Amino acid sequence: MRKSMLTAALGLCLSSLVAAPALAQTATGGVAGRASAGDTVVVVNTATGLSRTATVNKDGTYRIGQLPPGNYKLTAGAAAPVAFTVDLGSTTTVNVRSDAGLTNLDAVQVIGSGVVNHVDVHSTGTATVIDRQELARLPVAQSMGSVALLAPGVIKGNSSFGGISFGGSSVAENQIYINGLNVTDFYRRQGNSSAPFAFFDQFQVKTGGYSVEFGRSTGGVINASVRSGGNEFHGGAELTFEPAAFNAKTDDHVFTHPTAPTTYVRGSHDRSSLTKTNVWASGPILKDRLFFFAMFENQDFSSGNTDNTGSDWSEVESSNGFWGTRLDWNLTDNHALSFMAFSDKGDSTASAYAYDWDSAAKGSYGGDTLNDFGGKNWTLTYTGHFGENFVAKAMYGENDRNAYTHSLLDDACNSISVDASYAGAAALVGKTVGCHPTGSSVTKMNNTRKIGRMDFEWSLGNHLLRFGLDQEKLTTDQSLFYPGPGGDALLAMTLNAGVEIVDGSGVFLSQNTDVIRKRHKVSGGSFETVNNAYYLEDNWNITDSFLLNLGVRIDSFQNRTASGGAFIDIKNLVAPRGGFSWDMKGDGTTKLYGNLGRYYLPVTNIISTSFAGGMVDEYSFYNLLGWEQATNPETGATYLTPKVGTQIGPTDTSMNTGGDDLRGIFPKDLKAVFQDEAILGYERAIDEAWSWGVNATYRRMTRTIEDTRITTAANCPSGFNWPIINPGEKNTLWCDDTGNGQGGWVELDTSVDGYKKTNGEIIGYKRPKREYKAVEFQIDRAWDGKWAFNASYLWSKSTGNFEGPVNSDTGYNDTGMVQYYDHPAVNERYGVLFNDHRHQVKLRGSYKLNDMWSFGSTLTVLSGGPITAYGTYWPGDNRAAGSSGEFSGGGSGWICVSNCTAPYAQRTYQYSELGAFGRMPWTYDLGASVTWTLPVPDVDLKVRFSVFNLLNQQTEVRVRTRYEVTPGVYRETFGEGSNWTAPRSAQLVLTYNF
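Residues numbered from 1 in each chain as written. Predicted model: local features only at pLDDT ≥ 70, side-chain atom pairs only at ≥ 80, totals over all residues. Heavy atoms only, no water.

A few words on the overall build of the protein. The number of helices and strands found in the protein is seven helices and 57 strands. At 30 Å, the protein has a C-alpha radius of gyration in line with the 30 Å of a compact globule built from 994 residues. C-alpha atoms of the protein, sized along the principal axes, occupy 95 × 70 × 50 Å. The burial tally for the protein puts 57% of its 994 residues in the buried class. Long-range pairs, those at least 24 residues apart, make up 70% of the contacts in the protein between residues at least 6 apart in sequence. Roughly 37,900 Å² of accessible area belongs to the protein as shown, and the carbon and sulfur atoms make up 54% of that amount. With 81 positive and 99 negative side-chain charges, the protein shows a separation of 4 Å between the mean positions of the two kinds. (Helix = DSSP H or I, 4+ residues; strand = E, 2+ residues; numbered from the N terminus. Rg over C-alpha atoms; globule rule 2.2 N^0.38 Å. Buried < 20%, exposed > 50% of the residue type's maximum accessible area, 1.4 Å probe, protein only. Contact = heavy atoms within 4.5 Å. Areas by Shrake-Rupley, 256 points an atom, 1.4 Å probe, with all protein chains shown as cover. Lys, Arg positive; Asp, Glu negative; His and termini not counted. Charge placed at Lys NZ, Arg CZ, Asp CG, Glu CD.)

The following block contains the structure:
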């Protein structure tokens, strides 16, 4: 009888979820359900004493929104109190009827919580919520990205520049929130301000179908809430150890070739260690009203790494302290303030040395590189309940993300490197080339986000109206230049006979020539971007079992020059979104849902710094006459520097951008990037603990904003210099001379015009297209105090002619300025995209053996990504489609197969689409953890040992894709690995809480 009543109660809970739309707000949740009409429902936060009330409607429903995540008790009428939990971004359903016979509602809540969380008939999107308790049972690395990777459809991005990919998107399309504060890097949109794991209470990973409250993302959203204090004092300490001795060695890879130099990828001597000491405290400042949470974490990190050849050694040392706090002030039961702040500011020192691989001995000291990073972040939020039906929230916050990379040798030492094409490369292996410790550009950047937003909720019968607005002001102060005399980066390379030294120069090499390429690059200034948005959403309960969600978001993006004028001003971007949820059986156990929406992506600030302030990026070529010794002015060590001869041909200034007049670079009708998404899904509860579901997702992107090579324009004889446009569409640009000696606005249809081949043919650019199709199956067993399990399988296919605003195939991460439209041969090819992993399997589970021992495990299995070949030219044209460098430039899908040394018109090419050269191997990542708990009552002492990549499978995740150096000259390194999964590592965590 008891089990039957529990099952009936669960059915009531689940069926009533339709009356309780989920809150999309980034830092709160809610509670809703059924009770006796006219009863007063009271919810009380068990930690803080916060109390809220609502009167049950005539139809027997009630709802209380904007509740901080945490543990609560609810009473209604004469019914017994019910304990429940509010999760981040979710609505918890509690049903109580004072005239019903259900007496053990606490048991209903405990057993049913897992089901409620996984068959959520009020949700029309896809999201995963994971809290501290679940993470403590699993072997998960201490980062937001590692948590997100537990969700289906989320994978690691390009191993060269990191990041994660949601649903086939690139790594530069996501948004990250901490307590409602957007902490996403807005310069490249490929990172975020960070905080220690112990700072957070819950994580919500949104993989699709998110509300109109969220925007500026065509990938996914990671939403984290910070821990808070209550009426009892608590504290604790946590020690995390990741010593080098815990880690397996990185595999070495040495590729030898009959005619090409040997290629090394060495890492077995590398090592790293990390120690973190965390202390925290929480409690009341004023009981029932004012609470605090505060923590400090010291992070000591050290590493030693060789370069790929094993001839250079770099040691990195850092010791940084993180601090964070949260204050919650319940002014009254209906009005509250919340303040959150943290600092991830830090620095590190990288010391360079020569290195002897065979003896594993450091050689001469080459200088230090200093890195400063991070900043301070804070937010203040007011929440007010005005009556039972209207809630208002106002928030203001600031996010600082700064970086400064420099060296004491910046003035004295140029960046000097050797390209794989250089005929004398083998003779330089093991020798020190150049005196700069990194060879990287000197960069200083201060990024500041100021954000304000207001959100409102208004309950009107069967309608819940949600509306609000927000504004972000994103300011970048940046300077960049190459180190050394003249500010030039030097590259030694060998160019083949017949190569035109600079496109259009008419200077061709008569023989294979060793050259030094000097690159002079300077950019800088202060730039501001302003993003505005407002939204309106109606959650309409058409019937007791059918919820309709209708919303619209209006975005505006504005990028400004250093003087404050807007050079990109895209207004009134209408993004409609809608969804439905149908409780098919009326008992909350079976759900059919769907979602359809549009999502817009703003322009990153790297576009502003590169064009709005003017960027000098010039290339000059000189004869390389050999090498000579020089002395490092700081260390006294000797190194090799090139003997530079006379210049060959003119200086290539075609890459210079920007200036005072940007009308010829940015169209006045520039249109924003958007993605359309459709989701259809089905979920069902098997019993109180088990549930399963299946869903299908379709995403399509058909627009991009990119720098585009325009070599001809019918309406503009004076031409355009690498404008930032919507390629494949009509763009209206300012022409300095329309043919009559005067300037004017002209329309350029880049689908048919813009590029002139050497043979005189005028063509345009293909319109961008990216499609993602996926079917996901998931089964879940909720934690019951003994064990839990989750399994998912995802079949997906990602195709098109561009990945997004970055290019993982060639390793370019300058968002919005990669090579897809540097030449029509790059974007004309369609096929399988870099982030396509056709099969994905994810398992995670935990098991409690007894009060002392518990275990956890994760397993991720991915089919291999595609392999694409890049050529250099294509039929009818003698202008290169990409650089001959291994990981630079774009590239053609055409490979020369005969008459390759003949004039361009006589060559024979063979076409290949993206992903035509097979697949990389499957990857298997198994993690395991064991936790020991001191078996003493009222003492919370735990030791957890976790192992990542337990099988130590160091599998290829990226290969060399450059097929040609010049037409018909093939690289023997094509298809060889360049990046592999990280070796086995381990972590020991000691935790004591009181």
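Here strand β23 (residues 361-374) runs beside strand β25 (residues 390-407); their pairing, made up of six bridges, is antiparallel. Note that in β25 the partner of Gly 374 across the bridge is Asn 402. In the sheet, strand β24 (residues 376-386) pairs with β25 via ten bridges, with the strands oriented antiparallel. Bridge assignment links Gly 384 to a residue of β25, and that residue is Ala 392. In this structure, the hairpin formed by β24 and β25 is closed by a connection of three residues, where Gly 387 is found at a positive phi of approximately 75 degrees. Pairing of β25 with strand β27 (residues 442-460) involves 16 bridges; the strand directions are antiparallel. Bridge pairing links Gly 397 to Ile 451 in β27. (Pairing = 2+ DSSP bridges.)

For the rest of this paragraph, the subject is the sheet that holds strand β11 (residues 175-178). Note: strands within a sheet are paired through backbone hydrogen bonds, in either parallel or antiparallel orientation. The five strands lie next to each other as β8-β13-β14-β11-β12, forming an open sheet whose pairing is mixed. This sheet does not close on itself; its edge strands, each paired only once, are β8 (126-131) and β12 (181-182).

Okay, the pattern of salt bridges next. By the definition in use, this model includes 35 salt bridges. Across the pair Arg 401 and Asp 185 runs a salt bridge, and its minimum N-O distance is 3.8 Å. One end of the pair, Arg 401, is in strand β25; the other, Asp 185, is in the loop between β12 and β13 (200-208), with 216 residues separating them in the sequence. For Glu 729, the salt bridge identified is with Lys 671, shortest N-O distance 4.0 Å. Of this pair, Glu 729 sits in the loop between β39 (724-725) and β40 (730-735) while Lys 671 is found in the loop between β35 (638-647) and β36 (673-685), placing the two residues 58 residues apart along the sequence. Judged by relative accessible area, Lys 671 falls into the partly exposed class, the value being 24%. Several salt bridges share partner residues, and in doing so they unite Arg 63, Glu 213, Arg 453, Asp 455, Glu 457, Arg 466 and Glu 537 into one network. (Salt bridge = Lys/Arg side-chain N within 4 Å of Asp/Glu carboxyl O.)

With that settled, consider the nonpolar core. Core analysis: the biggest nonpolar cluster contains 47 residues, and Ile 568, Tyr 600, Ile 607, Phe 611, Phe 666, Phe 720 and Ile 724 have the highest contact counts within it. Elements with a minimum of two residues in this core: β32 (566-583), β33 (590-601), α6 (605-612), β36, β39, β40, β41 (744-749) and α7 (824-827). In terms of nonpolar packing, the next biggest core, distinct from the first, is built from 35 residues, Val 147, Leu 181, Ala 198 and Phe 342 among them. (Core = buried A, V, L, I, M, F, W, Y, C linked by side-chain atoms within 4.5 Å.)

On the surface, Arg 700, Lys 769, Lys 773 and Lys 797 cluster together into a positively charged patch. Along the chain, Arg 700 falls in strand β37 (residues 690-701). When its relative accessible area of 37% is taken as the criterion, Arg 700 is described as partly exposed. (Patch = residues over 30% accessible without salt bridge, like charges linked within 9 Å, V, L, I, M, F, W, Y side chains within 5 Å.)

Here we come to unusual backbone geometry. What you tend to see is this: most non-glycine residues have negative phi, and most peptide bonds are trans. Phi at Trp 722 takes a positive value of approximately 50 degrees, unusual for a residue other than glycine. Among the structural elements, Trp 722 can be located in the loop between β38 (706-707) and β39. Phi at Asp 938 takes a positive value of approximately 65 degrees, unusual for a residue other than glycine. Tracing the chain through its elements places Asp 938 in the loop between β51 (923-933) and β52 (940-948).

As enumerated under the stated definition, the model contains three disulfides in all. Across the disulfide from Cys 716 sits Cys 735; the S-S distance is 2.1 Å. For the disulfide bridge between Cys 716 and Cys 735, the dihedral angle about the S-S bond is near 90 degrees, and by the sign convention the bridge is right-handed. Taken as a pair, Cys 716 in the loop between β38 and β39 and Cys 735 in strand β40 lie far apart in primary sequence, 19 residues in all. Judged by its relative accessible area of 1%, Cys 716 falls in the buried class. On the accessibility criterion, Cys 735 (0% relative accessible area) is buried. Covalent S-S linkage joins Cys 896 and Cys 900, the inter-sulfur distance amounting to 2.1 Å. Across the disulfide from Cys 896 to Cys 900, rotation about the S-S bond amounts to roughly -110 degrees, and the bridge is consequently left-handed. (Disulfide = S-S within 2.5 Å.)

Let's shift gears to the sheet that holds strand β7 (residues 91-93). One open sheet holds the three strands; their spatial order is β4-β1-β7, and the pairing between them is mixed. Two strands lie at the open edges of the sheet, namely β4 (61-67) and β7, each paired on one side alone. Shown here is a sheet whose adjacent strand axes are inclined to one another by a mean of 20 degrees, direction ignored. By the bridge criterion, five bridges tie strand β1 (residues 29-34) to β4 in an arrangement that is antiparallel. The partner of Gly 29 across the bridge, within β4, is Leu 67. (Axes fitted to C-alpha atoms, helices over the stretch in contact; angles between N-to-C directions.)

Throughout the structure, instances matching the rule amount to 38 aromatic pairs. Judged by centre distance (5.5 Å) and plane angle (55 degrees), the rings of Trp 378 and Tyr 396 are tilted. Of this pair, Trp 378 sits in strand β24 while Tyr 396 is found in strand β25, placing the two residues 18 residues apart along the sequence. We classify Trp 378 as partly exposed; its relative accessible area is 27%. Measuring from centroid to centroid gives 5.5 Å for Tyr 682 and Trp 692, while their planes differ by 55 degrees, and the two rings are tilted. With a gap of ten residues between them, Tyr 682 in strand β36 and Trp 692 in strand β37 connect regions that are remote in the sequence. Classification of Tyr 682 as partly exposed rests on a relative accessible area of 21%. Through a chain of ring-to-ring contacts, the aromatic side chains of Phe 197, Phe 199, Phe 200, Phe 203, Trp 280, Phe 293, Phe 322 and Phe 342 assemble into a single cluster. (Phe/Tyr/Trp six-rings, centres within 6.5 Å; stacked < 30°, edge-to-face > 60°.)

With that settled, the discussion passes to the pairing of strand β14 (residues 221-226). Counting buried positions along β14 yields six of six residues, so the element is predominantly enclosed. What you see with β14 is no split at all: Val 221, Asn 223 and Ser 225 on one side and Ile 222, Ala 224 and Val 226 on the other are buried throughout. Of the pairings in the sheet, the one linking β13 to β14 comprises six bridges and is antiparallel in character. Note on β14: the bridge partner recorded for Gln 204 is Asn 223.

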